[in-house]
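Each chain, written out:
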Amino acid sequence: MSRVSTFAGQLLRLALVALTVCTVGLVGATPAFAHGEDKQPPNLRTRAVHFYDVQFSNPDIKVGETFTMSGNMYLSQEWPNGVTNPDVTQLTVVAPGPTVLVKDRKISGQFISQSMRLEKGKSYPFEIMVEARRAGNWHLHPMLAVHGAGGLIGPGQEVHIAERPGGAPFTNDVTLATGETVDLETYNSGESVVWHLLYLIPALLFLVYWFAKPLMPRLIALIGGRRTPDELVTKRDVKVSVALGLVVLGITAASMVYSSIKWPDTLPLQVQNVATPAGNTVTGTVVAELPEGRATYHNATDTLGVTVRFHNLGATPVELSYLEIGNHIFDTDPATNTGATLASDQPLTLGPGEQRDLKLQLTSIAFHDNAVIPGAEVTSVIGSLAVFKQGNAEAHTVSELNLPVFKDQVAP
Amino acid sequence: MSIAQPPTRSVTDDDDRRTGPSPAFGRKWDLLLIAVLIPAFAAIAHITHMLIIGDWDFWADWKDRQWWPFLSPMVGIVIPAAAQYIVWRLLGIPGGATAATVMLVLSQWASRFFTFHAWVYYPLAFVSPATMIPMGIALDLAFLLTRSWVLTSIVGGMAFGVLFQPANVAITAGMWVPVVYHNEIMTVADVMGFEYLRTQAPSYLRIVEEGHLRAFIEQINIVVGLTAGVGCIAFYWGGYALGRFVAFAPAKVFIKTKSPILGFLHPGVPEDRVATPSAAGITEGGIGPAAVAGGGTTDTHATPTDTAGPRSGAQEQDGRP
């Protein structure tokens, strides 16, 4: 007995230690501020969709106010084999739950309620209007979900949402086709709870009636083979059960009548056709190629060196504005510099018809920290988008660059 | 191991209700048994439902006319059928299906309220579960009135499938009210699906009715209900098998018994060892002294005048069809 007690005591102590460790671990846990995108293979995530010129209109707002995520998505012509073709996609927002609401979503100016088909080699301007729902600091991204593949995440930003003055509760009003305006935060909750309770009460009475009987004597009598289940059911049991069953079936009938009166006109769930928004052709003005056929990455300096031959086929001058790789922007402007720099041995401007080889050096700790450079992968290629300013700042032309990455111990 | 025999006591079933626990088995043992059954039914029913029905039950914009009322009852009948078999065989109570459906709804509400609503802040109506309580009671009543597994599977199974939509229409119909949203016609559920973010659940993942060129489109609710009913008849036997072979069969490893209830576990037990009502010491409608005390061969000269049900007798004691 004492040995059993000792063993039980040891188990109890072990359980307490485990509980303490888990509890302390939870207390020390910090919130996650990323969505796991860095764990997607760089050769897939950098070569499928390029988000560029992405902006958040107002990252400091109050509950109930709206802001806009806007920008462009360029779907790579060299779409990787490992990602399903973008025949059924959806542009959505990555957020920690419904902290914000999507109120509008436009692709190339067209409202897209559900899914869409996109073309490779085209660029799609997008705009997502978002309404702040819960106060807090939330890290948000646009994301293109591709059916059969998963999510391709765009650049993110932290949005600060403050409470409303006075702490007024959030409401989400929508006008029904009947003209009635309802708050979706609470709409239909009452009906749902009440009808569940109406079913639950007679069912619980049914269970209480039966399970209030002495159970162990029944169990022993049945297992011992001295009684059969049939013999333990009385006529009264049958009458009570049938009566409660009829009550439940009566509630079911009443619920049908109630719903037909309250909601005489309903629709089945609506399924929209897969939309096909118009894409813009933004490539072709500047052609880019790699005369050396590769880029070289130097791990110690987090620098990627590559020589690119740009050929401006357009009639106007262009200027290389920045290079985008895996949502990281490499540019020469210190004002917009976010730790990713672009250096060139020559000016970044190309005249009409001009061709020039630019020796570029891209430096960022993100190459390492955000796993942009391929490790041991089946395809040691990363995708990049060269974005050019064309005449005025609003018009862009882009060139797609796929960079086979060779790791070298010598700095480029 | 043999089952320990309790001391003799002389009570009827009605006496049990009036006088409460026997000296040998206080009510605390009943409560302990209930305390085991409640989480067991809740967990098994809930996990099964989450794994197989999942999104159809989680989200209002998955509750369509075709797949939701077709798959939910078919999957949903398995655990109640198993519970019905187990509770009937062990306790002689035709309430297992009701218990399973009630526990399912309660555990679903706990999940939806505390995680989906209170933790992640989805509106309650958007994540409200479906109910299967009327169907569970119908299944138990079918068995109570027929005492036949076959008839229960046919009548109760069909009722289980057919009743799903009527039972849930008042809970869900408000979500199917039309809305004109950005010049598109949607339902309230569609609008909520658009606005309330589920990042890893884009709308193309929905498996919902998409329309087809078949006939009976206007009667799709009836067609789906009847089809689900037929499916429930078949799936009922999955639950029956689960109860009989998964819940009972392992018991033979631990329990050595000559019981007619568990006799099928030990096919070597001769038929003449099966207790008969008179030999089992039945008094009026309840457990007589011989029944409880192990007097399987004692003739008390009692007649089961108050026992209900269409059949009694040793050859049909286990509810076999």
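Residues numbered from 1 in each chain as written. Chains lettered and ligands numbered in written order. Predicted model: local features only at pLDDT ≥ 70, side-chain atom pairs only at ≥ 80, totals over all residues. Heavy atoms only, no water.

Assigned secondary structure in chain A consists of six helices and 22 strands. Relative to the 2.2 N^0.38 estimate, which gives 22 Å for 412 residues, the radius of gyration of chain A is 31 Å and therefore markedly larger than a compact globule would have. Residues counted as buried form 48% of the 412 residues belonging to chain A. By sequence separation, contacts in chain A at least 24 residues apart represent 70% of the contacts at least 6 residues apart. Accessible surface, chain A: about 18700 Å² in total, of which carbon and sulfur atoms supply 57%. Distance from the positive charge centre (29 side chains) to the negative charge centre (37 side chains) of chain A: 16 Å. (Helix = DSSP H or I, 4+ residues; strand = E, 2+ residues; numbered from the N terminus. Rg over C-alpha atoms; globule rule 2.2 N^0.38 Å. Buried < 20%, exposed > 50% of the residue type's maximum accessible area, 1.4 Å probe, protein only. Contact = heavy atoms within 4.5 Å. Areas by Shrake-Rupley, 256 points an atom, 1.4 Å probe, with all protein chains shown as cover. Lys, Arg positive; Asp, Glu negative; His and termini not counted. Charge placed at Lys NZ, Arg CZ, Asp CG, Glu CD.)

For the rest of this paragraph, the subject is the packing of helix 5 (residues 78-91) of chain B against helix 7 (residues 133-146) of chain B. Any two packed helices are characterised by how steeply their axes cross, that is the angle between the axes, and by the distance between the axes. Residue and element names in this part refer to chain B. Their axes nearest at 11 Å, the elements helix 5 and helix 7 cross at an angle of 40°. Overall, the two elements helix 5 and helix 7 adopt an arrangement that is oblique. Considering how the two elements wind past one another, helix 5 and helix 7 form a crossing that is right-handed. Judged by residue contacts, Pro80, Ala81, Gln84 and Trp88 of helix 5 engage Leu139, Asp140 and Phe143 from helix 7. Partitioning the contact of helix 5 with helix 7 into residue classes produces five nonpolar, one polar and one charged. (Axes fitted to C-alpha atoms, helices over the stretch in contact; angles between N-to-C directions. Parallel < 35°, antiparallel > 145°, perpendicular 65-115°, else oblique. Left-handed = near helix turned anticlockwise from the far one by under 90°. Nonpolar A, V, L, I, M, F, W, Y, C, P; charged D, E, K, R; others polar.)

Under the criterion given, the structure shown has 29 aromatic pairs over all chains. Relative to B:Tyr240, the ring of B:Tyr85 lies with its centre 4.9 Å away and its plane at 80°, an arrangement referred to as edge-to-face. Of this pair, B:Tyr85 sits in helix 5 while B:Tyr240 sits in helix 10 (residues 220-248), and the two are 155 residues apart along the sequence. Exposure class is identical for B:Tyr85 and B:Tyr240. Each is buried. Here the aromatic rings of B:Tyr122 and B:Phe126 are separated by 6.2 Å at their centres, their planes lie at 45°, and the arrangement is tilted. Per residue, the accessibility class of B:Tyr122 equals that of B:Phe126, and both read buried. An aromatic cluster is defined as three or more aromatic residues linked by ring pairs; in this entry it consists of B:Tyr85, B:Trp88, B:Phe143, B:Trp149, B:Tyr236, B:Trp237 and B:Tyr240. The lysine or arginine in question, A:Arg294, covers the ring of A:Phe406, its NZ or CZ lying 4.6 Å from the ring centre. Above the plane of the ring of B:Phe116 lies B:Arg112, whose end atom (NZ or CZ) is 5.6 Å from the centre. (Phe/Tyr/Trp six-rings, centres within 6.5 Å; stacked < 30°, edge-to-face > 60°. Lys NZ or Arg CZ within 6 Å of the ring centre and 35° of its normal.)

With 118 residues of chain B in contact, the opposing surface of chain A contributes 95 residues. Here A:Asp230 and B:Arg147 are joined by a salt bridge, their closest N and O atoms 2.8 Å apart. Between the two partners, chain B and chain A, sit 31 residue pairs in polar contact (both at pLDDT 80 or more). In terms of residue class, the side of chain B that touches chain A is built from 71 nonpolar, 25 polar and 22 charged. (Salt bridge = Lys/Arg side-chain N within 4 Å of Asp/Glu carboxyl O. Polar contact = N/O pair within 3.5 Å; in protein donor to acceptor, adjacent residues only side chain to side chain.)

Turning our eyes to something else, we now look at a nonpolar patch on the surface. Taken together, the side chains of A:Val193, A:Leu197, A:Ile201 and A:Leu205 present a nonpolar region at the surface, about 340 Å² in accessible area. Mapped onto the elements, A:Leu205 comes out in helix 3 (residues 189-211). (Patch = residues over 30% accessible without salt bridge, like charges linked within 9 Å, V, L, I, M, F, W, Y side chains within 5 Å.)

Time to look at the confidence of the model for chain B. All names here are of chain B. When pLDDT is averaged across chain B, the result is 78; 69% of the residues are at 70 or more. Predicted confidence is poor over residues 1-13, with pLDDT under 50, and the contacts of this stretch with residues over four places away or in other chains come to 44 contacts. The model gives residues 15-23 a pLDDT under 50, and that stretch makes 16 contacts with residues more than four places away or in other chains. Model confidence for the complex: the whole-complex pTM is 0.83, and ipTM, which rates the interface, is 0.88. (pLDDT = per-residue confidence, 0-100.)

Residues and elements named next belong to chain A. Following the criterion strictly, the structure yields 17 salt bridges over all chains and no others. A salt bridge links glutamate 131 to lysine 103, with the shortest nitrogen-to-oxygen separation between them at 3.8 Å. With glutamate 131 in strand 7 (residues 123-132) and lysine 103 in strand 5 (residues 100-107), this residue pair connects regions lying 28 residues apart in the sequence. Owing to a relative accessible area of 10%, glutamate 131 belongs among the buried residues under this scheme. With relative accessibility at 14%, the residue lysine 103 sits in the buried group. Put simply, arginine 356 and glutamate 354 hold a salt bridge, and the shortest N to O gap is 2.4 Å. Exposure remark for arginine 356: the relative accessible area of 15% places this residue in the buried category.

A word on unusual backbone geometry. Residues other than glycine seldom take positive phi values, yet A:Asn188 does so here, at roughly 70°. Secondary-structure assignment places A:Asn188 in the loop between strand 12 (181-183) and helix 3. Assessed through its relative accessible area of 4%, A:Asn188 is described here as buried. Residue B:Tyr121 is not a glycine yet carries a positive backbone phi of 75°. Residue placement: B:Tyr121 occurs in the loop between helix 6 (96-117) and helix 7. Residue classification places B:Tyr121 among the partly exposed positions, given a relative accessible area of 35%.

Another point: helix 10 of chain B. Residue and element names in this part refer to chain B. Taking 1.5 Å as the rise per residue, helix 10 with 29 residues should run 42 Å; its terminal C-alpha atoms sit 40 Å apart, in good agreement. The principal kink in helix 10, of about 30°, is found at isoleucine 233. Listing the buried residues of helix 10 in full gives Ile220, Val224, Gly225, Ala228, Gly229, Gly231, Cys232, Tyr236, Gly239, Tyr240, Gly243 and Phe248. (Expected span 1.5 Å × (residues − 1). Bend = angle between axes of the 7 residues up to and from the residue.)

Residue and element names in this part refer to chain A. Its place among the elements puts threonine 228 in the loop between helix 4 (215-223) and helix 5 (235-262). For threonine 228, a relative accessible area of 3% gives the class buried. With 97 residues separating them in the primary sequence, threonine 228 and isoleucine 325 have C-alpha atoms 75 Å apart.

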